[in-house]
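Residue strings, one per chain:
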Amino acid sequence: MEEEEDFDDEFEDAYETIPRPSEMDLDTAMQEARIAVHLFFNNKFDEAWDMLKPWVGSSMYHTIGNSVFCFMEAVLTFDPTSIQKTSEALKQSIALCNFYRKKRNAINSIGKYVKKTNYDHYTTEEVHAELCYAEALLLKSLLTFIEDETLVSFIRAGLKIRSCFNSYKECQIILNTKHWVNDNYKLHFESGVRMGIGAFNLMISLLPSRIIKLLEFIGFSGSKDIGLDELVACYESPHGLRHILSVMTLLTYNLIVVYVLSRSEGDLEFCDEILKEQMKLFPDGAWFLFFKGRLEFMKGNLVESNNWYVKSWKSQQVWPQFHHLCFWDLMWTNIVRQEWNEALFYANKLMAESKWSRSIYGYQKVCLMLMVKSDLSIADHQEIDSIMSNIPKWRQRIAGKSLPMEKFCAKKSERYFAQNKNLVLPCFELLLVWNLFKVIGKKWEVCDSLYREIDESMRKLDAEAEDPYDADNRALLLLLKGACLNQMGKPYLAEEALKGVSALAKKIKEDNYLVPYSLVELAMVYQQQNNLERAIQLLEDTRKNYTGYSLESRLHFQIHSSLMELNKGRKISSEKMCKPKSQPSTSQF
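Residues numbered from 1 in each chain as written. Predicted model: local features only at pLDDT ≥ 70, side-chain atom pairs only at ≥ 80, totals over all residues. Heavy atoms only, no water.

Asks: Got a minute to help me understand the overall build of the chain in this structure?
Replies: Helix and strand counts for the chain come out as 29 helices and 2 strands. Within the chain, the fraction of its 589 residues that count as buried is 57%. Considering only intrachain contacts with a sequence separation of at least 6, the fraction spanning at least 24 residues in the chain is 70%. Summing over all exposed atoms, the chain offers an accessible surface of approximately 26,500 Å²; the carbon and sulfur share of this is 51%. (Helix = DSSP H or I, 4+ residues; strand = E, 2+ residues; numbered from the N terminus. Buried < 20%, exposed > 50% of the residue type's maximum accessible area, 1.4 Å probe, protein only. Contact = heavy atoms within 4.5 Å. Areas by Shrake-Rupley, 256 points an atom, 1.4 Å probe, with all protein chains shown as cover.)

Given below as structure tokens:
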């Protein structure tokens, strides 16, 4: 195994200032880490942190535990200060792990090419230092997803990610070759290796093909199947220290990531099984109450989903940022139900309390107000105008890059004024770009209600005099109509509507994202009809022929995921067709 010695220069200074080893032994450190995890997921956040803090900087497991908690806070808040705090905590973890790792000189590194390393010569602290080092690098890699949705920083961090990848591969070799004298140490080590290998493979497999090609060029790739298998293996070892992290990863992937970055379904039955177990252990835990709400949301059970989200919100008051996560989904469940005033309540709370993106929150609030335009006062109209004027000014830069969704909102705010202070079904458009139509399709009455609103808006557009944005608005309504019809099981009508978007392509003035998005939706129609070849070709053509449109990266994720699923389905179908039929029995009986 090639050793990665050139970790980032930013860790060099910290490496020099690491204190001498403390009296904290590895057994006690892992035991306290387990207790801290239990406290954390029972909403006792301060107690969990208080248990870790005295040993941060001297005990590996206390330090990496602190980094994990900081990371979760950064994920919740998207606040630049929290992201920076997490980055510093991970820097400290990496430096401390390097202090405890097996010291290697140039001769030893060269020797690894000649003969295999004997990991039986590694102490228990040294092998666990390798694992904690890999975990810190993995979190550092994941942090780039928060910092930059376009993944530019992800590519620039290629060497760091390669270090992470190689560290986990080395940990896997240690697991399989070392003679373990203590089963408990092996159990926790194996838990961490499976968690890391699983998360890493899953993360890489989600990336669009153009990025995967770049990553393969510098020496590594990821497999979704391997990733899920390893995470499930970690989950099935409940006494392992990283068991809870595999639970969180599996729930996040199946209930959130799949629905944002693909057109597929998560494994909802498996999530139901996981949550039943976890809610016995953490009955009032905010995280698992939230995931239960998300599970019901993805099933289309909107009222039940609302109830669970409210329970999660009210289960703790220490982390108000967690409330914002609940408010976000409560806003969407009520938008799907067309409960505009209820949704507006949560949009207001997000805008008033959360620091994540004032541009996105402001635009969503205005969209909801526009859905009840006839009930608005003069003051409401003035507020809408004020927010729309400020949305472009509120845009922020994270790691030097603008958020694509903020750009989208800024363009729409300009369009509002250019279109005589009007937007066409803006909340339905947001449902589309946030990829929530599959959820809408779970309940016929919900989908039918949205379809009727879309159809009514189309009739109004036909009755109005044509304006410069007529093609844009018409194309939007046709895309919404086609998406609705597809969910309602009417593929031929859906195909007709979606092809109508492409027919307007040359007339569309601004909303150039509508054509590629409609083609991907059309591919999903072909998939429903089991016309896999046509769906695959359409997705590949869309990826190749369209560029420079709004929310392009988001659609590329969905195209990549759909192509993986369709190609897998095509392969299975081909194997079934090629499989020889069983010969009739020659037996007389």
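Asks: I keep staring at the side chain of Ser 359 and nothing clicks. Help me out?
Replies: Inspection of the secondary structure assignment puts Ser 359 in helix α19 (residues 358–371). Its relative accessible area of 0% is what places Ser 359 among the buried residues. Within polar-contact distance, the side chain of Ser 359 engages the backbone nitrogen of Arg 395 at 3.1 Å. Look past the residues within four positions of Ser 359 in its chain and what remains in contact with it is Ile 391, Trp 394, Arg 395, Glu 406 and Cys 409. (Polar contact = N/O pair within 3.5 Å; in protein donor to acceptor, adjacent residues only side chain to side chain.)

Asks: Whenever I open this one, unusual backbone geometry confuses me. Can you help?
Replies: Trans is the prevailing form of peptide bonds, just as negative phi is the prevailing case for residues other than glycine. Look at Asn 435: it is not a glycine, yet its phi comes out positive at around 65°. Within the fold, Asn 435 resides in the loop between α22 (426–433) and α23 (437–440). Residue Asn 435 is classed as buried on the basis of its relative accessible area of 9%. Positive phi, normally seen in glycine, also occurs at Asn 530, with a value near 65°. Mapped onto the secondary structure, Asn 530 falls in the loop between α27 (514–528) and α28 (532–545). Exposure remark for Asn 530: the relative accessible area of 61% places this residue in the exposed category.

Asks: What should I look at first to understand the side chain of Ser 305 in this one?
Replies: Considering the arrangement of structural elements, one finds Ser 305 in helix α16 (residues 302–314). Among the polar contacts listed, one links the side chain of Ser 305 to the backbone oxygen of Gly 293, at a separation of 2.9 Å. Those residues in contact with Ser 305, other than ones at most four positions away along the chain, are Gly 293, Glu 296, Phe 297 and Thr 333.

Asks: Can you walk me through the packing of aromatic side chains in this structure?
Replies: Tallied over the entire structure, the rule returns 33 aromatic pairs. Among the aromatic residues, those joined into a ring-pair cluster are Phe 40, Phe 41, Phe 45, Trp 49, Phe 69, Phe 282, Phe 288 and Trp 319. Directly above the aromatic system of Tyr 133 lies the positively charged group of Arg 101, at a separation of 3.8 Å from the ring centroid. The positively charged end of Lys 509 is found above the aromatic ring belonging to Tyr 469, 4.8 Å away from the centroid. (Phe/Tyr/Trp six-rings, centres within 6.5 Å; stacked < 30°, edge-to-face > 60°. Lys NZ or Arg CZ within 6 Å of the ring centre and 35° of its normal.)

Asks: Help me out: how do you make sense of a positive patch on the surface in this one?
Replies: On the surface, Arg 395, Arg 397, Lys 407 and Lys 411 cluster together to form a positively charged patch. Summarising the element assignment, Arg 397 is placed in strand β1 (residues 397–398). (Patch = residues over 30% accessible without salt bridge, like charges linked within 9 Å, V, L, I, M, F, W, Y side chains within 5 Å. Salt bridge = Lys/Arg side-chain N within 4 Å of Asp/Glu carboxyl O. Lys, Arg positive; Asp, Glu negative; His and termini not counted. Charge placed at Lys NZ, Arg CZ, Asp CG, Glu CD.)

Asks: What's the story with the state of the cysteines in this structure? I'm lost.
Replies: Cysteine pairs can be linked by a disulfide, which is a covalent bond between their two sulfur atoms. Inspection of the entire model under this criterion finds 0 disulfides. We note that Cys 164 lacks a disulfide partner, and the nearest cysteine sulfur, in Cys 171, lies 9.6 Å from it. (Disulfide = S-S within 2.5 Å.)

Asks: I would appreciate a short explanation of a negative patch on the surface in the present structure.
Replies: A cluster of acidic side chains, namely Glu 236, Asp 267, Glu 269, Glu 273 and Glu 277, defines a negative patch on the protein surface. By the element assignment, Glu 269 lies in helix α14 (residues 268–281).

Asks: In this structure, what is going on with the environment of Phe 557? I would like to understand it.
Replies: Relative to the assigned elements, Phe 557 resides in helix α29 (residues 552–578). Phe 557 sits in the buried class, given a relative accessible area of 6%. Note: C-alpha distance between Phe 557 and Val 260 (297 residues apart in sequence) is 8.9 Å.

Asks: Explain helix α25 (residues 470–487) here, please?
Replies: With 18 residues, α25 should cover 26 Å at 1.5 Å per step; its first-to-last C-alpha distance of 26 Å lies within 8% of that length. Residue Gly 489 follows α25 closely and has a positive phi angle near 75°. (Expected span 1.5 Å × (residues − 1).)

Asks: Is there a simple way to explain the pattern of salt bridges in this structure?
Replies: A full pass over the atoms with the stated rule returns 28 salt bridges. One salt bridge connects Arg 194 with Glu 190, and the closest N-O pair in it is separated by 3.1 Å. Within this pair, Arg 194 and its partner Glu 190 are both found in helix α10 (residues 183–206), separated by 4 residues, close to a single helical turn. Classification of Arg 194 by relative accessible area gives partly exposed; the value is 25%. Judged by its relative accessible area of 25%, Glu 190 falls in the partly exposed class. The salt bridge involving Arg 459 is made with Asp 455; its shortest N-O contact spans 3.0 Å. Taken together, the positions of Arg 459 and Asp 455, both in helix α24 (residues 444–463) and 4 residues apart, correspond to about one turn of that helix.

Asks: What's the story with the packing of helix α17 (residues 320–336) against helix α18 (residues 340–353) in this structure? I'm lost.
Replies: Packed helices, taken two at a time, are described by the angle between their axes plus the distance between the axes. Two elements in contact, α17 and α18, have axes separated by 8 Å at closest approach and are oriented at 155°. Considering their axes alone, α17 and α18 lie roughly antiparallel with respect to each other. Between α17 and α18 the crossing geometry is left-handed. Facing His 324, Phe 327, Trp 328, Leu 330, Met 331, Asn 334 and Ile 335 of α17, the residues of α18 in contact are Trp 340, Glu 342, Ala 343, Tyr 346, Ala 347, Lys 349, Leu 350 and Glu 353. Looking at the contact of α17 with α18, its residues break down into 10 nonpolar, 2 polar and 3 charged. (Axes fitted to C-alpha atoms, helices over the stretch in contact; angles between N-to-C directions. Parallel < 35°, antiparallel > 145°, perpendicular 65-115°, else oblique. Left-handed = near helix turned anticlockwise from the far one by under 90°. Nonpolar A, V, L, I, M, F, W, Y, C, P; charged D, E, K, R; others polar.)

Asks: Would you mind showing me how to read the nonpolar core here?
Replies: The tendency in soluble globular proteins is for nonpolar side chains to be buried as a group. If you look at the biggest cluster of nonpolar residues, it comprises 199 residues, and the most contacted ones within it are Trp 287 and Phe 288. Apart from residues no more than four positions distant in its own chain, Phe 288 is found in contact with Phe 41, Ile 244, Val 247, Met 248, Leu 251, Leu 275, Gln 278, Met 279 and Phe 282. (Core = buried A, V, L, I, M, F, W, Y, C linked by side-chain atoms within 4.5 Å.)

Asks: Would you explain the confidence of the model for the chain in this entry?
Replies: Caution applies to low-pLDDT regions: their predicted coordinates should not be interpreted in detail. Looking at the chain as a whole, its pLDDT mean stands at 88, while 87% of the residues score no less than 70. Segment residues 1–21: pLDDT under 50, and 44 contacts once partners within four positions in sequence are set aside and those in other chains are kept. Here residues 584–589 is modelled with pLDDT under 50, and outside its nearest four sequence neighbours on either side it reaches 0 contacts, counting other chains as well. (pLDDT = per-residue confidence, 0-100.)

Asks: What is the right way to look at α17 in this model?
Replies: Residue pairs three or four apart in sequence face the same way in an α-helix, which turns once every 3.6 residues. With 17 residues, α17 ought to run about 24 Å at 1.5 Å a step, and its terminal C-alpha atoms sit 25 Å apart, in line with that. In terms of burial, α17 is largely enclosed, as 14 of its 17 residues are buried. With its phi angle positive at about 60°, Gln 338 sits one or two positions after the end of α17.

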